[in-house]
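These are the residues of each chain, in order.
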Amino acid sequence: MRITITSVIVDDQAKAERFYVDVLGFVKKHDVPLGESRWLTVVSPEDPQGCELLLEPEGHPGAKPWKAGLVADGIPFTQFTVADVQAEYERMSGLGVRFTQEPADMGTLWTAVFDDTCGNLIQIIQMKETAE
Amino acid sequence: MTESPEDENVFRALADPTRRKILDELTERDGQTLFEICARLAMKHQHTASRQSVSQHLDTLAAAGLVTSRRDGRYKFHYLDTTPLRRLTERWRRPETKET
């Protein structure tokens, strides 16, 4: 058994495609019409054969209040790994991305949290160098 | 001197090490989400408190006036307010040190 897809629930797939591709820098992998929406996935250009991120439409009535509850408490449900949290923070802030948590030293790692404009908070992390 | 209920709330709030740690972290950066406060407690201080319990600690700090919470659009941030502490230190000041 392998994990090949993980999802974020987005309020608008076209807006999500712009954010996840143009701002975050992911690459579109699959874009297939499926009912009234699309099967839309992106991958990291650093790992094109790796796990796909499914930009899943917010169809179910339970999704919106659940997402709003997480956002109000600042909770990111999805996490990406970056080489340099501070550099990404500066790059993305320059593009107008709203951070609810600026880069913070959490001991063994750096973290920051931003709004994906589609109703989700996303955490980016950078592991600190270990002695080994 | 009689102790006001407001002062009682401040002493009660400060009597707990987790709440003091929350104030420490808000001193380092003012205006944090509940998530950031929980993450700092868990990852920097190996604190095992649940999110619900941290939320209750914030309520106690808010009742004492030491923390204020503000909504900003869809987000909610928590801020440090040291005004009640100044009121407390005033109480034990010697008369001659009051005039500087």
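Residues numbered from 1 in each chain as written. Chains lettered and ligands numbered in written order. Predicted model: local features only at pLDDT ≥ 70, side-chain atom pairs only at ≥ 80, totals over all residues. Heavy atoms only, no water.

As for the UniProt feature "domain: VOC" (unreviewed entry) in chain A
In the numbering adopted here, UniProt assigns the feature "domain: VOC" (unreviewed entry) to residues 2–127 of chain A. With 25% helix and 41% strand, residues 2–127 of chain A has its two end C-alpha atoms placed 24 Å apart. (UniProt positions renumbered as here; feature names shortened; annotations may be inferred. Helix = DSSP H or I, 4+ residues; strand = E, 2+ residues; numbered from the N terminus.)

Quick look at the layout of surface pockets
All names here are of chain A. Roughly 500 Å³ of internal volume is contained in the largest pocket. For the largest pocket, the lining is made up of 23 residues, of which Phe26, Ser44, Glu46, Phe80 and Thr81 are closest to its centre. Secondary structure elements with two or more residues in the lining of the largest pocket: strand 3 (37–43), strand 4 (52–57), strand 5 (78–81) and helix 3 (85–94). In terms of residue count, helix 3 provides more of the lining of the largest pocket than any other element does, 3 residues in total. Of the residues that make up the lining of the largest pocket, three or more belong to each of domain 1 (1–59) and domain 2 (66–132). (1 Å grid on protein atoms, 1.4 Å probe; cavity = no way out; pocket = protein on both sides within 12 Å on 5 of 7 lines; lining within 4 Å. Points joined across faces, edges and corners; volume = space filled by probe spheres on them. Domains from an automatic or database assignment.)

Comments concerning unusual backbone geometry
Glycine aside, residues mostly have negative phi, and peptide bonds are mostly found in the trans state. The phi dihedral of A:Thr117 falls on the positive side, at around 70 degrees, and the residue is not glycine. Overall, the relative accessible area of 40% leaves A:Thr117 in the partly exposed class. Its identity is not glycine, yet B:Gln46 carries a phi of approximately 50 degrees, on the positive side. Along the chain, B:Gln46 turns up in the loop between helix 3 (34–45) and helix 4 (51–63). You can call B:Gln46 exposed: its relative accessible area is 60%. (Buried < 20%, exposed > 50% of the residue type's maximum accessible area, 1.4 Å probe, protein only.)

Details of the packing of aromatic side chains
By the definition in use, this model includes 8 aromatic pairs over all chains. Residues A:Phe19 and A:Tyr20 carry aromatic rings whose centres are separated by 5.6 Å and whose planes lie at 75 degrees to one another, so their mutual orientation is edge-to-face. A relative accessible area of 6% places A:Phe19 in the buried class. The interplanar angle of 55 degrees and the centroid separation of 6.3 Å between the aromatic rings of B:Phe11 and B:Trp92 together place this pair among those described as tilted. With B:Phe11 in helix 1 (residues 5–14) and B:Trp92 in the loop between helix 5 (83–91) and helix 6 (95–98), this pair connects stretches of sequence that are 81 residues apart. Assessed through its relative accessible area of 29%, B:Phe11 is described here as partly exposed. (Phe/Tyr/Trp six-rings, centres within 6.5 Å; stacked < 30°, edge-to-face > 60°.)

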